[in-house]
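Structural overview for review
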Amino acid sequence: MELDLAKEKKFNKLINVVSIVIPLVVALLFGVKLPNVEPLRFLPPIYASVNGLTAILLVVAVVAVKQGKLELHKKIMTGCIALSLAFLIMYVAYHMTSDSTTFGGEGPIKYVYYFILITHIILSIVIVPLVLRTFAKAYLKQFEAHRKLAKFTFPIWLYVAVSGVVVYLMISPYYGS
């Protein structure tokens, strides 16, 4: 029991550090432009597709766990974490090589776009510790705590994944403008 508590404390410290470091590093790297590097303009549809795949797999993982397919659930959720990491790497790489694209829509759609974008950004920061804590609870075999936390983590992560695709679809006509 004491060993489990020590493990959990270690996880929590690591999760806290990662949850602070990731947004800070992303924010810092967002302002860095790599000189003499070809813009990676091909990345946005790829990382939007990764978000879409993540959303689909999150739903499949929930169905799997409800059907008692725990090993499948575990593998899919681990895959979702890997996909989210891949997204993050591609997103940062794109923004380090390309100028940001400005949304060109006007009227009410502009407010819709910015609402989705802002909630997406805020919740993408919030989801990092939630995913890591939920994963840690399962890893530590604290399944009741895992289930309780997953009830919050799942809808937020799903929103972040889906809204990422929506933001891409809304801004894609303005790439290269």
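What you are looking at is a predicted structure, and each value in this text was computed from that prediction instead of being measured. (Residues numbered from 1 in each chain as written. Predicted model: local features only at pLDDT ≥ 70, side-chain atom pairs only at ≥ 80, totals over all residues. Heavy atoms only, no water.)

Side chains three or four residues apart in an α-helix point the same way, a direct result of the helix having 3.6 residues per turn. Its 32 residues place the ends of helix 4 (residues 108-139) 45 Å apart at the C-alpha level, agreeing with the 46 Å of an ideal helix rising 1.5 Å per residue. At isoleucine 127, helix 4 shows its largest bend, some 30 degrees, and a proline, proline 129, comes one to four positions later. Listing the buried residues of helix 4 in full gives Tyr113, Ile116, Leu117, Thr119, His120, Ile127, Val128, Leu130, Val131, Thr134, Ala136 and Lys137. Where helix 4 is buried, its residues meet helix 1 (2-30), helix 3 (70-97) and helix 5 (143-171). (Helix = DSSP H or I, 4+ residues; strand = E, 2+ residues; numbered from the N terminus. Expected span 1.5 Å × (residues − 1). Bend = angle between axes of the 7 residues up to and from the residue. Buried < 20%, exposed > 50% of the residue type's maximum accessible area, 1.4 Å probe, protein only. Contact = heavy atoms within 4.5 Å.)

Counted as a void, the largest pocket has a volume near 1,100 Å³. Contributing to the lining of the largest pocket are 41 residues, with Phe87, Leu88, Tyr91, His120 and Ser124 lying nearest its centre. For the lining of the largest pocket, the secondary structure elements donating two or more residues are helix 1, helix 2 (43-66), helix 3, helix 4 and helix 5. Counting residues per element, the lining of the largest pocket draws most heavily on helix 4, which supplies eleven residues. Residue classes in the lining of the largest pocket are distributed as 31 nonpolar, ten polar and no charged. Estimated volume of the second largest pocket: approximately 880 Å³. Contributing to the lining of the second largest pocket are 25 residues, with Val65, His73, Met77, Ala138 and His146 lying nearest its centre. (1 Å grid on protein atoms, 1.4 Å probe; cavity = no way out; pocket = protein on both sides within 12 Å on 5 of 7 lines; lining within 4 Å. Points joined across faces, edges and corners; volume = space filled by probe spheres on them. Nonpolar A, V, L, I, M, F, W, Y, C, P; charged D, E, K, R; others polar.)

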